[in-house]
Amino acid sequence: MKNEMQSGAYGSFASVYDMFMDNIPYQQWFEYICSLLREQGIEDGLVLELGCGTGSMTQLLAENGYDMIGVDCSPQMLQAAVEKREESGLDILYLLQDMREFELYGTVGAVVCVCDSLNYVTGQEDLLQVFRLVNNYLDPGGIFIFDLNTLYKYEEVLGNCTIAEDREEASFIWENEFYKEEKINIYQLSIFLREENGLYSKHEEVHYQRAYELGEVTCLLEKAGMEYVAAYDAFTRNPPRKDSERIYVLARESGKQ
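Cut-off values and rules
- Residues numbered from 1 in each chain as written.
- Predicted model: local features only at pLDDT ≥ 70, side-chain atom pairs only at ≥ 80, totals over all residues.
- Heavy atoms only, no water.
- Helix = DSSP H or I, 4+ residues; strand = E, 2+ residues; numbered from the N terminus.
- Expected span 1.5 Å × (residues − 1).
- Buried < 20%, exposed > 50% of the residue type's maximum accessible area, 1.4 Å probe, protein only.
- Patch = residues over 30% accessible without salt bridge, like charges linked within 9 Å, V, L, I, M, F, W, Y side chains within 5 Å.
- Areas by Shrake-Rupley, 256 points an atom, 1.4 Å probe, with all protein chains shown as cover.
- Salt bridge = Lys/Arg side-chain N within 4 Å of Asp/Glu carboxyl O.
- Lys, Arg positive; Asp, Glu negative; His and termini not counted.
- Charge placed at Lys NZ, Arg CZ, Asp CG, Glu CD.
- Pairing = 2+ DSSP bridges.
- Axes fitted to C-alpha atoms, helices over the stretch in contact; angles between N-to-C directions.

1. Examining helix α4 (residues 75–88)
Look at α4: 20 Å from first C-alpha to last across 14 residues, which is about the 20 Å you get at 1.5 Å a residue. Among the residues of α4, Met-77, Leu-78, Ala-80, Ala-81 and Val-82 are the ones counted as buried. Of the residues flanking the end of α4, it is Gly-89, one or two places downstream, whose phi is positive at about 80 degrees.

Below is the structure:
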């Protein structure tokens, strides 16, 4: 395995991402995130979504009264997000930035990061830098909500398995290889896109995700100057279980007056 692992931004897969992700219950995810925001007193105002992708969650939050900013490092994913924005007429600011280096013009009331976007940050120092930037750009007492795929999911569900899907417009083969010692999951994506002549072109991408245990995450949050609030088994208010596949973590800006 390579010593230095950085996921590339979604390229060819971005054009068919929404097609193959149509089984994700975005509405359910939105309702859960919205309930967490409101419990923390964030009912409107500026909200940043890191790793916004094609903007599905960004749109839902904007439709429900939040002033949204979306950040992603993939031009192709952001192009899809911009097209959705134009169709809807919503006022959303999209920024092409790496979450490890993002910059805003001012602070926001909350930051959200979902769909395991933070698992793509494979180094602890890089994750710490993301947390520091989030803390810097949050209003005093602002809220950070993010999800993570768990070590259990990589070891027992995704790791070393192959997922494939065939549709008329496109097909993909998604091969997973999990390295337990490094806690790294390698995604080998082969995408087959149907061209106008009826033939298929093949595109390949490699992505890396890292499993973080909750103790690591809370330590990094505190090191970044944030206050750890809670962690939940996804879409519940229950604490994470040993077999949780996804967890949600809440943290609060700490230190600004």
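Next comes the rest of the description.
2. Some details on a negative patch on the surface
Residues Glu-43, Asp-44, Asp-67 and Asp-91 make up a contiguous surface patch of negative charge. Here Glu-43 shows up in the loop between α2 (26–39) and β1 (45–50). The exposure class assigned to Glu-43 is exposed, which follows from its relative accessible area of 52%.

3. Let's talk about the sheet that holds strand β9 (residues 200–210)
If you walk across this open sheet you meet the 4 strands as β6-β7-β8-β9, and the pairing is antiparallel. A single partner strand is all that each edge strand has here, and the edge strands are β6 (162–166) and β9. Averaged over neighbouring strand pairs, the angle between their axes works out to 10 degrees when direction is ignored. Looking at chain direction, β6 and strand β7 (residues 170–179) are connected through 5 bridges and run antiparallel. Note that in β7 the partner of Thr-162 across the bridge is Glu-175.

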